[in-house]
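Residue strings, one per chain:
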Amino acid sequence: MNQASQILAEVKKAVCGKDRVLVWVLTVILARGHVLLEDIPGVGKTTMALAFSRALGLDYGRVQFTPDVLPSDITGYSIFDKETGAMRYQPGVILCNLFLADELNRATSRTQSALLEAMEEGQVTVDGVSHKIPEPFCVFATQNPTGASGTQLPDSQMDRFTVRLSIGYPAPGDEREILLGRQKGNPLLQVRQVVTREELLTMQQEAANVYLKPELADYIVSLVGKTRTDPLIARGASPRATLSLGAMAKAVAYVQGRDYVQPKDIQNVFVSTCAHRLLLSAEADAKGICAEELLDRILKSTPAPRI
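Residues numbered from 1 in each chain as written. Predicted model: local features only at pLDDT ≥ 70, side-chain atom pairs only at ≥ 80, totals over all residues. Heavy atoms only, no water.

### What about the packing of aromatic side chains?
Counting across every chain of the model gives zero aromatic pairs. Seen from the ring of Tyr-260, Arg-258 lies directly overhead, with NZ or CZ sitting 5.6 Å from the centre. (Phe/Tyr/Trp six-rings, centres within 6.5 Å; stacked < 30°, edge-to-face > 60°. Lys NZ or Arg CZ within 6 Å of the ring centre and 35° of its normal.)

Laid out in C-alpha coordinates, this is it:
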(Lines give C-alpha, C1' and ligand atoms only; values in the text may rest on other atoms or scores of the structure.)
Protein backbone atom coordinates (compact mmCIF):
# COMPACT_ATOMS: atom_id res chain seq x y z
CA MET A 1 0.00 0.00 0.00
CA ASN A 2 1.52 3.35 -1.06
CA GLN A 3 1.44 6.47 1.10
CA ALA A 4 -1.62 7.96 -0.62
CA SER A 5 -3.60 4.77 0.06
CA GLN A 6 -2.45 4.71 3.67
CA ILE A 7 -3.57 8.32 4.18
CA LEU A 8 -7.00 7.61 2.70
CA ALA A 9 -7.36 4.45 4.82
CA GLU A 10 -6.81 6.47 7.99
CA VAL A 11 -9.19 9.29 7.01
CA LYS A 12 -11.90 6.71 6.19
CA LYS A 13 -11.90 5.70 9.86
CA ALA A 14 -13.60 9.03 10.60
CA VAL A 15 -15.47 9.68 7.32
CA CYS A 16 -17.73 6.88 6.09
CA GLY A 17 -18.91 6.28 2.54
CA LYS A 18 -17.34 9.34 0.91
CA ASP A 19 -14.35 7.69 -0.74
CA ARG A 20 -14.57 9.73 -3.94
CA VAL A 21 -14.62 13.05 -2.08
CA LEU A 22 -11.66 11.96 0.07
CA VAL A 23 -9.62 11.12 -3.03
CA TRP A 24 -10.47 14.55 -4.46
CA VAL A 25 -9.37 16.34 -1.29
CA LEU A 26 -6.08 14.43 -1.06
CA THR A 27 -5.46 15.21 -4.73
CA VAL A 28 -5.98 18.93 -4.07
CA ILE A 29 -3.56 18.83 -1.13
CA LEU A 30 -0.93 17.12 -3.29
CA ALA A 31 -1.51 19.78 -5.96
CA ARG A 32 -0.84 22.50 -3.33
CA GLY A 33 -4.39 23.78 -3.79
CA HIS A 34 -7.37 24.86 -1.70
CA VAL A 35 -10.82 23.29 -1.31
CA LEU A 36 -14.25 24.93 -1.21
CA LEU A 37 -16.84 22.62 0.38
CA GLU A 38 -20.33 23.80 -0.47
CA ASP A 39 -22.87 21.77 1.45
CA ILE A 40 -25.52 21.80 4.15
CA PRO A 41 -24.52 21.70 7.84
CA GLY A 42 -23.84 18.42 9.57
CA VAL A 43 -22.55 16.24 6.72
CA GLY A 44 -18.98 15.95 8.05
CA LYS A 45 -17.02 18.85 6.53
CA THR A 46 -15.22 19.68 9.78
CA THR A 47 -14.65 16.03 10.64
CA MET A 48 -13.03 15.45 7.26
CA ALA A 49 -10.70 18.43 7.67
CA LEU A 50 -9.68 17.27 11.16
CA ALA A 51 -9.11 13.71 9.93
CA PHE A 52 -6.77 14.89 7.18
CA SER A 53 -4.86 17.11 9.62
CA ARG A 54 -4.30 14.13 11.93
CA ALA A 55 -3.35 11.68 9.17
CA LEU A 56 -0.93 14.19 7.63
CA GLY A 57 0.50 15.49 10.90
CA LEU A 58 -0.50 19.08 10.15
CA ASP A 59 -1.06 22.01 12.49
CA TYR A 60 -4.74 22.88 12.34
CA GLY A 61 -6.51 26.22 12.65
CA ARG A 62 -10.20 27.03 12.48
CA VAL A 63 -12.42 30.11 12.43
CA GLN A 64 -16.23 30.09 12.54
CA PHE A 65 -16.90 33.13 10.38
CA THR A 66 -19.50 35.68 11.38
CA PRO A 67 -19.92 39.33 10.32
CA ASP A 68 -17.98 40.54 13.39
CA VAL A 69 -14.80 38.55 12.62
CA LEU A 70 -12.03 41.05 11.81
CA PRO A 71 -9.19 40.69 9.29
CA SER A 72 -6.69 40.89 12.18
CA ASP A 73 -8.31 37.78 13.69
CA ILE A 74 -7.08 35.94 10.61
CA THR A 75 -3.77 37.56 9.73
CA GLY A 76 -2.62 38.60 13.22
CA TYR A 77 -1.71 42.04 14.52
CA SER A 78 1.12 44.09 16.03
CA ILE A 79 1.21 44.98 19.72
CA PHE A 80 3.58 47.18 21.70
CA ASP A 81 6.11 45.23 23.77
CA LYS A 82 6.97 47.20 26.92
CA GLU A 83 10.14 45.19 27.55
CA THR A 84 11.72 45.87 24.17
CA GLY A 85 9.99 49.13 23.36
CA ALA A 86 9.13 47.83 19.90
CA MET A 87 6.10 46.46 18.13
CA ARG A 88 5.76 42.68 18.32
CA TYR A 89 3.80 40.56 15.84
CA GLN A 90 1.05 38.39 17.30
CA PRO A 91 0.42 35.60 14.76
CA GLY A 92 -3.10 35.07 13.44
CA VAL A 93 -4.92 31.77 13.28
CA ILE A 94 -4.11 31.31 9.59
CA LEU A 95 -0.44 30.68 10.33
CA CYS A 96 -0.94 26.93 10.33
CA ASN A 97 -0.76 24.08 7.82
CA LEU A 98 -4.48 23.38 7.39
CA PHE A 99 -6.90 26.26 7.90
CA LEU A 100 -10.64 25.56 8.11
CA ALA A 101 -12.73 28.62 7.24
CA ASP A 102 -16.23 27.66 8.38
CA GLU A 103 -19.06 29.47 6.56
CA LEU A 104 -16.67 31.87 4.87
CA ASN A 105 -19.53 33.54 3.00
CA ARG A 106 -20.82 34.96 6.31
CA ALA A 107 -17.71 37.12 6.73
CA THR A 108 -17.56 40.70 5.52
CA SER A 109 -15.85 41.35 2.20
CA ARG A 110 -12.96 43.02 4.07
CA THR A 111 -12.36 39.90 6.15
CA GLN A 112 -12.70 37.61 3.12
CA SER A 113 -10.03 39.69 1.40
CA ALA A 114 -7.62 38.88 4.23
CA LEU A 115 -7.40 35.35 2.79
CA LEU A 116 -6.43 36.38 -0.74
CA GLU A 117 -2.72 36.96 -0.14
CA ALA A 118 -2.45 33.88 2.08
CA MET A 119 -4.04 31.56 -0.49
CA GLU A 120 -2.05 32.85 -3.45
CA GLU A 121 1.36 33.72 -2.00
CA GLY A 122 1.52 31.71 1.24
CA GLN A 123 2.09 34.79 3.40
CA VAL A 124 0.27 37.56 5.25
CA THR A 125 1.29 41.20 5.48
CA VAL A 126 0.68 43.13 8.69
CA ASP A 127 1.79 46.76 9.10
CA GLY A 128 3.93 46.47 5.98
CA VAL A 129 5.79 43.37 7.16
CA SER A 130 5.25 40.02 5.42
CA HIS A 131 5.05 36.84 7.48
CA LYS A 132 5.51 33.46 5.80
CA ILE A 133 2.87 30.79 6.40
CA PRO A 134 4.46 27.41 7.20
CA GLU A 135 4.40 24.81 4.43
CA PRO A 136 2.50 22.77 3.48
CA PHE A 137 -0.53 25.07 3.54
CA CYS A 138 -4.11 24.35 2.51
CA VAL A 139 -7.40 26.16 3.07
CA PHE A 140 -10.63 24.22 3.60
CA ALA A 141 -13.47 26.71 3.28
CA THR A 142 -17.15 25.87 3.72
CA GLN A 143 -20.32 27.65 2.75
CA ASN A 144 -23.95 26.65 2.99
CA PRO A 145 -25.67 26.81 -0.41
CA THR A 146 -29.11 27.70 0.93
CA GLY A 147 -30.71 29.27 3.98
CA ALA A 148 -27.59 31.00 5.26
CA SER A 149 -27.28 34.71 5.81
CA GLY A 150 -24.23 36.25 4.22
CA THR A 151 -22.77 37.29 0.93
CA GLN A 152 -21.63 35.50 -2.17
CA LEU A 153 -17.89 34.90 -2.21
CA PRO A 154 -16.24 37.43 -4.56
CA ASP A 155 -14.90 36.22 -7.90
CA SER A 156 -11.29 36.82 -6.84
CA GLN A 157 -11.86 34.54 -3.85
CA MET A 158 -13.62 31.81 -5.84
CA ASP A 159 -10.81 31.75 -8.40
CA ARG A 160 -8.29 30.88 -5.70
CA PHE A 161 -10.05 27.64 -4.80
CA THR A 162 -8.72 24.76 -6.84
CA VAL A 163 -12.00 22.83 -6.72
CA ARG A 164 -15.51 23.15 -5.33
CA LEU A 165 -16.87 19.93 -3.83
CA SER A 166 -20.04 18.72 -2.16
CA ILE A 167 -20.08 15.87 0.37
CA GLY A 168 -23.82 15.15 0.33
CA TYR A 169 -25.95 12.95 2.54
CA PRO A 170 -24.57 9.51 3.47
CA ALA A 171 -26.18 6.35 2.16
CA PRO A 172 -28.41 4.57 4.72
CA GLY A 173 -25.81 1.88 5.35
CA ASP A 174 -23.07 4.44 5.90
CA GLU A 175 -25.31 6.50 8.19
CA ARG A 176 -25.99 3.37 10.25
CA GLU A 177 -22.25 2.75 10.51
CA ILE A 178 -21.71 6.35 11.65
CA LEU A 179 -24.41 5.95 14.30
CA LEU A 180 -23.02 2.69 15.67
CA GLY A 181 -19.44 3.93 15.46
CA ARG A 182 -20.22 6.91 17.69
CA GLN A 183 -21.08 4.46 20.50
CA LYS A 184 -17.40 3.47 20.55
CA GLY A 185 -16.20 7.05 21.02
CA ASN A 186 -14.95 9.82 18.80
CA PRO A 187 -13.80 8.22 15.51
CA LEU A 188 -11.21 10.97 15.05
CA LEU A 189 -9.24 9.47 17.93
CA GLN A 190 -8.72 6.35 15.80
CA VAL A 191 -7.00 8.29 13.02
CA ARG A 192 -3.22 7.95 13.29
CA GLN A 193 -0.53 9.98 11.59
CA VAL A 194 0.75 8.33 8.42
CA VAL A 195 3.29 10.85 7.10
CA THR A 196 5.26 13.75 8.49
CA ARG A 197 5.05 17.27 7.12
CA GLU A 198 8.42 16.77 5.45
CA GLU A 199 7.19 13.59 3.76
CA LEU A 200 4.06 15.40 2.56
CA LEU A 201 6.21 18.17 1.07
CA THR A 202 8.18 15.47 -0.75
CA MET A 203 4.94 13.96 -2.07
CA GLN A 204 3.82 17.38 -3.29
CA GLN A 205 7.11 17.86 -5.12
CA GLU A 206 6.89 14.40 -6.67
CA ALA A 207 3.36 15.19 -7.87
CA ALA A 208 4.59 18.48 -9.37
CA ASN A 209 7.34 16.57 -11.22
CA VAL A 210 4.87 14.26 -12.99
CA TYR A 211 5.50 14.62 -16.71
CA LEU A 212 3.02 16.58 -18.83
CA LYS A 213 3.55 16.18 -22.57
CA PRO A 214 3.37 19.36 -24.68
CA GLU A 215 0.39 17.89 -26.56
CA LEU A 216 -1.51 17.57 -23.28
CA ALA A 217 -0.55 21.13 -22.31
CA ASP A 218 -2.10 22.22 -25.61
CA TYR A 219 -5.18 20.15 -24.76
CA ILE A 220 -5.56 21.95 -21.41
CA VAL A 221 -5.16 25.35 -23.05
CA SER A 222 -7.75 24.41 -25.69
CA LEU A 223 -10.30 23.29 -23.10
CA VAL A 224 -9.90 26.42 -20.99
CA GLY A 225 -9.89 28.60 -24.10
CA LYS A 226 -13.28 27.30 -25.18
CA THR A 227 -14.81 28.51 -21.90
CA ARG A 228 -13.87 32.03 -23.04
CA THR A 229 -15.53 31.79 -26.45
CA ASP A 230 -18.75 29.94 -25.59
CA PRO A 231 -21.69 32.35 -26.12
CA LEU A 232 -23.45 30.97 -23.03
CA ILE A 233 -20.49 31.85 -20.78
CA ALA A 234 -20.13 35.54 -19.98
CA ARG A 235 -16.70 35.09 -18.39
CA GLY A 236 -14.55 32.05 -18.92
CA ALA A 237 -11.91 30.40 -16.78
CA SER A 238 -8.77 32.37 -15.90
CA PRO A 239 -5.11 31.50 -16.51
CA ARG A 240 -5.06 30.46 -12.83
CA ALA A 241 -7.61 27.81 -13.79
CA THR A 242 -5.23 26.57 -16.49
CA LEU A 243 -2.47 26.18 -13.90
CA SER A 244 -4.84 24.48 -11.45
CA LEU A 245 -6.02 22.07 -14.15
CA GLY A 246 -2.45 21.07 -14.94
CA ALA A 247 -1.53 20.65 -11.25
CA MET A 248 -4.65 18.59 -10.54
CA ALA A 249 -4.06 16.32 -13.55
CA LYS A 250 -0.51 15.67 -12.33
CA ALA A 251 -1.74 14.94 -8.80
CA VAL A 252 -4.38 12.51 -10.12
CA ALA A 253 -1.70 10.65 -12.07
CA TYR A 254 0.53 10.58 -8.97
CA VAL A 255 -2.21 9.17 -6.73
CA GLN A 256 -2.73 6.43 -9.32
CA GLY A 257 0.97 5.56 -9.26
CA ARG A 258 1.99 7.08 -12.60
CA ASP A 259 4.75 9.58 -13.35
CA TYR A 260 3.06 10.90 -16.49
CA VAL A 261 -0.30 12.50 -17.29
CA GLN A 262 -2.89 10.86 -19.53
CA PRO A 263 -5.80 12.65 -21.27
CA LYS A 264 -8.27 10.96 -18.90
CA ASP A 265 -6.57 12.66 -15.93
CA ILE A 266 -7.35 16.06 -17.42
CA GLN A 267 -10.89 15.03 -18.33
CA ASN A 268 -11.56 13.75 -14.80
CA VAL A 269 -10.67 17.07 -13.14
CA PHE A 270 -11.80 19.58 -15.79
CA VAL A 271 -15.37 20.14 -14.56
CA SER A 272 -14.63 20.33 -10.83
CA THR A 273 -11.65 22.60 -11.41
CA CYS A 274 -13.41 25.10 -13.70
CA ALA A 275 -17.17 25.11 -12.91
CA HIS A 276 -17.02 27.48 -9.93
CA ARG A 277 -14.89 29.99 -11.85
CA LEU A 278 -17.38 30.63 -14.67
CA LEU A 279 -19.91 33.44 -14.96
CA LEU A 280 -22.82 32.32 -17.13
CA SER A 281 -24.73 34.55 -19.52
CA ALA A 282 -28.30 35.68 -18.97
CA GLU A 283 -29.36 33.32 -21.75
CA ALA A 284 -27.86 30.31 -19.94
CA ASP A 285 -29.62 31.32 -16.73
CA ALA A 286 -32.91 31.72 -18.57
CA LYS A 287 -32.57 28.26 -20.11
CA GLY A 288 -31.61 26.69 -16.79
CA ILE A 289 -28.22 25.52 -18.07
CA CYS A 290 -25.58 25.03 -15.38
CA ALA A 291 -21.82 25.44 -15.64
CA GLU A 292 -21.19 21.71 -15.30
CA GLU A 293 -23.39 21.00 -18.32
CA LEU A 294 -21.55 23.54 -20.46
CA LEU A 295 -18.17 22.12 -19.43
CA ASP A 296 -19.35 18.60 -20.31
CA ARG A 297 -20.24 19.88 -23.78
CA ILE A 298 -16.79 21.41 -24.16
CA LEU A 299 -15.16 18.11 -23.13
CA LYS A 300 -17.19 16.14 -25.67
CA SER A 301 -16.52 18.60 -28.50
CA THR A 302 -12.75 18.85 -27.92
CA PRO A 303 -10.79 15.86 -29.26
CA ALA A 304 -8.11 14.58 -26.90
CA PRO A 305 -4.63 13.99 -28.32
CA ARG A 306 -3.60 10.40 -28.91
CA ILE A 307 -0.81 9.59 -26.47
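So that's the structure; there's more coming.
### Re the pattern of salt bridges
Under the criterion given, the structure shown has 15 salt bridges. Between Asp-19 and Lys-12 there is a salt bridge, and its shortest N-O distance comes to 3.7 Å. Relative accessible area serves as the criterion here: at 38%, Asp-19 is assigned to the partly exposed category. When its relative accessible area of 34% is taken as the criterion, Lys-12 is described as partly exposed. In this structure, the salt-bridge partner of Lys-287 is Glu-283, at a minimum N-O distance of 2.8 Å. Highlighted residues: Lys-287 and Glu-283, both in helix 12 (residues 282-287), separated by four residues, approximately one helical turn. (Salt bridge = Lys/Arg side-chain N within 4 Å of Asp/Glu carboxyl O. Buried < 20%, exposed > 50% of the residue type's maximum accessible area, 1.4 Å probe, protein only. Helix = DSSP H or I, 4+ residues; strand = E, 2+ residues; numbered from the N terminus.)

### A look at the sheet that holds strand 9 (residues 163-165)
Taken in spatial order, the five strands line up as 2-5-8-1-9 in an open sheet, and their pairing is parallel. Here the strands that pair on one side only, and so sit at the sheet edges, are strand 2 (60-64) and strand 9. Recorded for the sheet is a direction-independent mean angle of 15° between the axes of neighbouring strands. Of the strand pairs in this sheet, strand 2 and strand 5 (residues 98-102) are connected by five bridges, and their pairing is parallel. Note on strand 5: the bridge partner recorded for Val-63 is Ala-101. (Pairing = 2+ DSSP bridges. Axes fitted to C-alpha atoms, helices over the stretch in contact; angles between N-to-C directions.)

### Observations concerning helix 9 (residues 214-227)
The first and last C-alpha atoms of helix 9 sit 21 Å apart over 14 residues, in line with the 20 Å expected at 1.5 Å per residue. Among the residues of helix 9, those classed as buried are Leu-216, Tyr-219, Ile-220, Leu-223, Val-224 and Thr-227. Buried residues of helix 9, seen end-on, are gathered within an arc of 125° and therefore sit on one face of the element. Across from the buried face of helix 9, at angles greater than 90 degrees, the exposed residues are Asp-218 and Val-221. Against strand 10 (233-235), helix 10 (239-255), helix 11 (263-274) and helix 13 (291-301) lie the buried residues of helix 9. (Expected span 1.5 Å × (residues − 1). Arc of directions from axis to C-beta. Contact = heavy atoms within 4.5 Å.)

### Regarding helix 5 (residues 109-121)
Compared with the 18 Å implied by 1.5 Å per residue over 13 residues, the 19 Å span of helix 5 between its first and last C-alpha is a close match. Taken as a whole, helix 5 has its buried residues at Thr-111, Gln-112, Ala-114, Leu-115, Leu-116, Ala-118 and Met-119. Phi turns positive, to about 70°, at Gly-122, one or two residues after helix 5.

### Some thoughts on the pairing of strand 7 (residues 129-132)
Relative to strand 7, strand 6 (residues 123-126) is paired through four bridges, and the arrangement is antiparallel. In the strand pairing of strand 7, Gln-123 is matched with Lys-132. In sequence, strand 6 turns back onto strand 7 through a hairpin of two residues, with Asp-127 there showing a positive phi of about 55°.

### Some thoughts on the nonpolar core
Grouped together as the largest cluster of nonpolar side chains are 73 residues, with contacts concentrated most on Ile-7, Leu-30, Met-48, Phe-52, Phe-140, Ile-266 and Phe-270. The biggest single contributor to this core is helix 10, with nine residues. Among the nonpolar cores identified, the runner-up in size contains 24 residues, and Leu-104, Ala-118, Met-119 and Leu-153 belong to it. (Core = buried A, V, L, I, M, F, W, Y, C linked by side-chain atoms within 4.5 Å.)

### Comments concerning the environment of Gln-205
By the element assignment, Gln-205 lies in helix 8 (residues 197-208). A relative accessible area of 38% places Gln-205 in the partly exposed class. Of note is the side chain of Gln-205, whose polar atom sits 3.3 Å from the side chain of Arg-32. (Polar contact = N/O pair within 3.5 Å; in protein donor to acceptor, adjacent residues only side chain to side chain.)

### Some points on unusual backbone geometry
Across the junction of Glu-135 and Pro-136, the peptide omega takes the value -5°, indicating a cis bond. Relative to the elements of secondary structure, Pro-136 occurs in the loop between strand 7 and strand 8 (138-143). The phi dihedral of Arg-32 is positive, around 60°, even though this residue is not glycine. As for its placement among the helices and strands, Arg-32 is situated in the loop between helix 2 (19-30) and strand 1 (35-38). One non-glycine residue with positive phi stands out, namely Glu-103, at about 50°. Residue class for Glu-103 comes out buried when judged on its relative accessible area of 15%.

### A short note on the side chain of Thr-227
Summarising the element assignment, Thr-227 is placed in helix 9. Among the polar contacts listed, one links the side chain of Thr-227 to the backbone nitrogen of Ala-237, at a separation of 3.0 Å. Beyond its immediate stretch of four places on either side in the chain, Thr-227 contacts Ile-233, Gly-236, Ala-237, Phe-270, Leu-278, Leu-295 and Ile-298.

Fair warning: the whole summary comes from geometry, so function is off the table for now.
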